[in-house]
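So you can see what is in the structure, the chains are spelled out below.
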Amino acid sequence: MSKVTQSAGNGSNSNDIYNIVLLVVDIVMLIVKFWIAIVEAIVGVFRPAPLDDVSGKVVLITGSGHGIGKQMALQYGKLGATVLCWDVNEQTNNQTVKEIKSNGGKAFGYVCNVTKREELIELAQKVRKEHGFVNVVVNNAGIMPCHPLLEHTENEIRLMFDINVLSHFWIIQSFLPEMIERNEGSIVALSSCAGLFGLINLVPYCGTKFAVRGYMSALAEELRQKNPQNNVKLTTIYPYMIDTGLCKNPRYRFPKLFKLIPADVAAGSIIEAQRQGLEEAAIPRHFVAVEKIGRLIPRKAMRLVNDFLDTGVDTDKH
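The model shown is predicted, which means the values in this text are computed figures rather than measured ones.

The helix and strand inventory of the protein chain stands at nine helices and eleven strands. Seen through its C-alpha atoms, the protein chain measures out along the principal axes to roughly 90 × 55 × 45 Å. A total of 318 residues make up the protein chain; the buried ones form 39% of that total. For the protein chain, the proportion of contacts with a sequence separation of at least 24, taken over those separated by at least 6, is 69%. Roughly 18000 Å² of accessible area belongs to the protein chain as shown, and the carbon and sulfur atoms make up 58% of that amount.

This part is about the environment of cysteine 146. Inspection of the secondary structure assignment puts cysteine 146 in the loop between β4 (136–139) and α5 (154–182). Along the backbone, cysteine 146 and proline 204 are 58 residues apart, and their C-alpha atoms lie at a distance of 9.3 Å. Ignoring sequence-local partners within four residues, the contact set of cysteine 146 consists of Asn201, Leu202, Leu246, Val313, Asp314, Thr315, Asp316 and Lys317.

On to helix α6 (residues 203–226). With 24 residues, α6 extends 35 Å from end C-alpha to end C-alpha; this agrees with the ideal 34 Å at 1.5 Å per step. Taken as a whole, α6 has its buried residues at Pro204, Tyr205, Cys206, Thr208, Lys209, Val212, Arg213, Tyr215, Met216, Leu219 and Leu223. Those residues of α6 hidden inside the fold are in contact with β4, α5, β5 (186–190), β6 (233–239) and α8 (287–294).

Direction vectors running N to C along α5 and α6 enclose 15°, while the axes themselves pass 9 Å from each other. Viewed along their axes, α5 and α6 adopt a mutual orientation that is roughly parallel. Crossing of α5 against α6: the hand is right-handed. Residues Ile157, Met160, Phe161, Asn164, Val165, His168, Phe169, Ile172, Leu176 and Ile180 of α5 form the contact with α6, whose own contacting residues are Pro204, Tyr205, Gly207, Thr208, Lys209, Ala211, Val212, Tyr215, Leu219, Leu223 and Lys226. Taken together, the residues that form the contact of α5 with α6 break down as 15 nonpolar, four polar and two charged.

Let us now look at the packing of aromatic side chains. One pass over the full model with this rule turns up six aromatic pairs. Taken together, a centroid distance of 5.3 Å and an interplanar angle of 90° make the contact between phenylalanine 34 and tryptophan 35 edge-to-face. According to the relative accessible area criterion, phenylalanine 34 is partly exposed, its value standing at 44%. The exposure class assigned to tryptophan 35 is exposed, which follows from its relative accessible area of 52%. The lysine or arginine in question, arginine 253, covers the ring of phenylalanine 308, its NZ or CZ lying 4.7 Å from the ring centre.

Burial analysis of strand β2 (residues 82–87) places six of its six residues in the buried class, the great majority of the element. Residues of β2 alternate between two faces, with Thr82, Leu84 and Trp86 on one and Val83, Cys85 and Asp87 on the opposite face, all of them buried. Examined bridge by bridge, strand β1 (residues 58–62) and β2 share five bridges and lie parallel to one another. Pairing of valine 58 across the sheet is with threonine 82, part of β2. With helix α2 (residues 67–78) bridging β1 and the parallel β2, this β-α-β connection has right-handed handedness. The parallel pair β2 and strand β3 (residues 106–111), bridged by helix α3 (residues 90–102), forms a crossover whose chirality is right-handed.

Conventions we followed
- Residues numbered from 1 in each chain as written.
- Predicted model: local features only at pLDDT ≥ 70, side-chain atom pairs only at ≥ 80, totals over all residues.
- Heavy atoms only, no water.
- Helix = DSSP H or I, 4+ residues; strand = E, 2+ residues; numbered from the N terminus.
- Buried < 20%, exposed > 50% of the residue type's maximum accessible area, 1.4 Å probe, protein only.
- Contact = heavy atoms within 4.5 Å.
- Areas by Shrake-Rupley, 256 points an atom, 1.4 Å probe, with all protein chains shown as cover.
- Expected span 1.5 Å × (residues − 1).
- Axes fitted to C-alpha atoms, helices over the stretch in contact; angles between N-to-C directions.
- Parallel < 35°, antiparallel > 145°, perpendicular 65-115°, else oblique.
- Left-handed = near helix turned anticlockwise from the far one by under 90°.
- Nonpolar A, V, L, I, M, F, W, Y, C, P; charged D, E, K, R; others polar.
- Phe/Tyr/Trp six-rings, centres within 6.5 Å; stacked < 30°, edge-to-face > 60°.
- Lys NZ or Arg CZ within 6 Å of the ring centre and 35° of its normal.
- Pairing = 2+ DSSP bridges.
- Right-handed = clockwise from strand over helix to strand, strands pointing away.

Right, here's the structure in full:
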């Protein structure tokens, strides 16, 4: 009996030693891979990834009738992409298509109310039949009412979430399955610097943009866990105040440091981020790093800095 017990004990000790060795190997591998990833990231700062060629590819953009969406559509058209323009405003959307074609590009316009899930899904099926695989999807459509939370109506808040967040889910559910099947494609989602920092007069809007940041991060993990060789690229964009008309009353103490960014400049930066396959990019680029550093600083100290800079958006209600 004692020999059996001794044998079992020896077997248990062997298993323990084996598990410890495996753990040590895993830890060593983690450290090696960790520092390789750090070095690769540093090298990437000085040697950006090559730009993906979008010529001949199909690019779908929501909110293409004006602002950043229109400028992205025009620039993708000049790069040789077939641009599918989705907007609720038929007149302005047709104008975008017309301008792309007048520059020698290829574009198709579709009226789309992104708050109508069933209509959106039907339209997605239609464009896939007409144009085949959609290589790049840009969730750009958004609204930005600017006033204190207690002055927002229920309908205003619900509409903001329907357009800025929920429509993204319906569009992704429509186009992501084929991307996963082919293991290629790009999804770009417009968050905002209001998805990095909390801002007064933009409480619900910040909520929608933090939501975009969150779901894109979670979706990236889902795709990575499902397929370690995943090649479907997700890019989250955090624009600062862009000169599109959405930001009606910008306020900044130092105009030379903080000023409205032209829509065409912002569009070019977004397209570059998508073509490089970046997971996230701010406009200006350094804002993501500023946000990460800011979270290391005590909240009270950071608020002193914010008060000194005195930058934000004033209410659109007078």
